[in-house]
Amino acid sequence: AQKITQTQPGMFVQEKEAVTLDCTYDTSDQSYGLFWYKQPSSGEMIFLIYQGSYDEQNATEGRYSLNFQKARKSANLVISASQLGDSAMYFCAMREPYTGGFKTIFGAGTRLFVKA
Amino acid sequence: DGGITQSPKYLFRKEGQNVTLSCEQNLNHDAMYWYRQDPGQGLRLIYYSQIVNDFQKGDIAEGYSVSREKKESFPLTVTSAQKNPTAFYLCASSIGDSTYEQYFGPGTRLTVT
């Protein structure tokens, strides 16, 4: 069963505008963590932001913020003041218990295009 | 500069040959991971290791093998038993297990013909 769902295969945003990338997750655990990663065309994955399930405040890191709605099981990424360099694939991910510890599972990703 | 290196960036092999992908980190991280990424898809976990001399299978371990003899190194061997080995392979590390964010290498694109 799909545990991380990113319903937007592609998104366009005008430079300097804000954009929201959607992510919903499925878990029965009370303790979990949610991550967003950016993958430029070079291929390397870059960590952007983290939200713990017990964190009451939405996480923020510079122009990135995570809109965490626990009851709806959503963890949308908001990028403010988009820049051309934000054009990339964005992956939502969740930490879940696994053999002997935890593992991180990834969604299928959303490709963001920033227009000049 | 601390980070993760993977070599080579591009690798070509003939079907039936085993191939080993290199992953080295100088971040002093305990945990290391190997992921596979296919076009238009997210990452799938192949193997992970939380400490030296120990590793666990991930979701798609069949046809792959790993070793963790040193903290800094976590090589992945793609064996001839892997039915569809052509893919982009990413190595990652983290301070502990997946509680913390992972740091990724630049990846190796493997093409098997």
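The notes below deal with the structure included here. Note that the coordinates shown come from a computational prediction; the quantities given were computed from them, not determined experimentally.

Looking only at helices and strands, chain A features zero helices and 12 strands. When the helices and strands of chain A are placed in sequence order, the string is β-β-β-β-β-β-β-β-β-β-β-β. In terms of overall dimensions, chain A has C-alpha extents of about 45 × 30 × 20 Å along its principal axes. Expressed as a percentage of the 116 residues in chain A, the buried residues total 47%. Roughly 5600 Å² of accessible area belongs to chain A as shown, and the carbon and sulfur atoms make up 48% of that amount. Positive and negative charge centroids in chain A, built from 11 and 11 side chains respectively, lie 4 Å apart.

With that settled, consider the state of the cysteines. In total, this model carries two disulfides over all chains according to the counting rule given. With its sulfur 2.0 Å from that of its partner, Cys23(A) forms a disulfide with Cys92(A). Residues Cys23(A) and Cys92(A) share a disulfide whose torsion about the S-S bond is about -65°; that sign makes it left-handed. With Cys23(A) in the loop between β3 (19–21) and β4 (24–25) and Cys92(A) in strand β10 (residues 88–98), the pair connects residues that are 69 residues apart, well separated along the chain. Side by side, Cys23(A) and Cys92(A) carry an identical accessibility label, which is buried. Disulfide pairing is shown between Cys23(B) and Cys91(B); the S-S distance is 1.9 Å. Here the S-S torsion is close to -70°, and the disulfide linking Cys23(B) with Cys91(B) is therefore left-handed. Residue Cys23(B) is found in strand β3 (residues 19–25), and its partner Cys91(B) is found in strand β9 (residues 87–94); the two are separated by 68 residues along the sequence. Like Cys23(B), the residue Cys91(B) is buried in the burial classification.

Looking now at the pairing of strand β11 (residues 101–106) of chain A. All names here are of chain A. Counting buried residues along β11, five of its six residues qualify, which places the element largely inside the surrounding structure. Where β10 meets β11, six bridges bridge the pair, whose relative direction is antiparallel. Within β11, the residue paired with Met 94 across the bridge is Ile 105.

In this section: the nonpolar core. Formed by 26 residues in total, the largest nonpolar core has its most connected members in Leu21(A), Tyr25(A), Trp36(A), Ile49(A), Leu77(A), Tyr90(A) and Leu112(A). Looking at this core, the elements with two or more residues in it are β2 (10–14), β3, β5 (33–39), β6 (46–52), β8 (64–69), β9 (74–79), β10 and β12 (110–115) of chain A. Tallying contributions element by element places β10(A) first for this core, with four residues. With near-sequence residues (within four places) excluded, Leu112(A) lies in contact with Met11(A), Val13(A), Val19(A), Leu21(A), Ile79(A), Asp86(A), Ser87(A), Ala88(A) and Tyr90(A). Of all hydrophobic cores here, the second largest spans 20 residues; its members include Val19(B), Val78(B), Tyr89(B) and Leu110(B).

All right, on to the sheet that holds strand β8 (residues 76–78) of chain B then. Residue and element names in this part refer to chain B. Taking strand neighbours across the sheet as the criterion, the four strands line up as β1-β3-β8-β7 in an open arrangement whose pairing is antiparallel. The sheet is open, and its two edges are formed by β1 (4–7) and β7 (64–66), each paired on a single side. When strand polarity is set aside, the average angle formed by the axes of neighbouring strands in this sheet is 20°. Judged from the three bridges that link them, β3 and β8 form a sheet pairing that is antiparallel. When the bridges of β8 are listed, Leu 21 appears paired with Leu 76.

On the chain A side, the residues contacting the 25 residues of chain B number 21 residues. Both faces combined, the contact of chain B with chain A buries some 1800 Å², and carbon together with sulfur accounts for 50% of it. For the interface between chain B and chain A, the tally reads one salt bridge. Residue Lys103(A) is joined to Asp59(B) by a salt bridge in which the shortest nitrogen-to-oxygen separation is 2.6 Å. There are five residue pairs in polar contact (both at pLDDT 80 or more) connecting chain B and chain A. The greatest single-element share of the side of chain B that touches chain A, amounting to four residues, is contributed by strand β5 (residues 43–51) of chain B.

Procedures and definitions
Residues numbered from 1 in each chain as written. Chains lettered and ligands numbered in written order. Predicted model: local features only at pLDDT ≥ 70, side-chain atom pairs only at ≥ 80, totals over all residues. Heavy atoms only, no water. Helix = DSSP H or I, 4+ residues; strand = E, 2+ residues; numbered from the N terminus. Buried < 20%, exposed > 50% of the residue type's maximum accessible area, 1.4 Å probe, protein only. Areas by Shrake-Rupley, 256 points an atom, 1.4 Å probe, with all protein chains shown as cover. Lys, Arg positive; Asp, Glu negative; His and termini not counted. Charge placed at Lys NZ, Arg CZ, Asp CG, Glu CD. Disulfide = S-S within 2.5 Å. Pairing = 2+ DSSP bridges. Core = buried A, V, L, I, M, F, W, Y, C linked by side-chain atoms within 4.5 Å. Contact = heavy atoms within 4.5 Å. Axes fitted to C-alpha atoms, helices over the stretch in contact; angles between N-to-C directions. Buried area = accessible area lost by both parts, 1.4 Å probe. Salt bridge = Lys/Arg side-chain N within 4 Å of Asp/Glu carboxyl O. Polar contact = N/O pair within 3.5 Å; in protein donor to acceptor, adjacent residues only side chain to side chain.

Geometry only, nothing functional implied.
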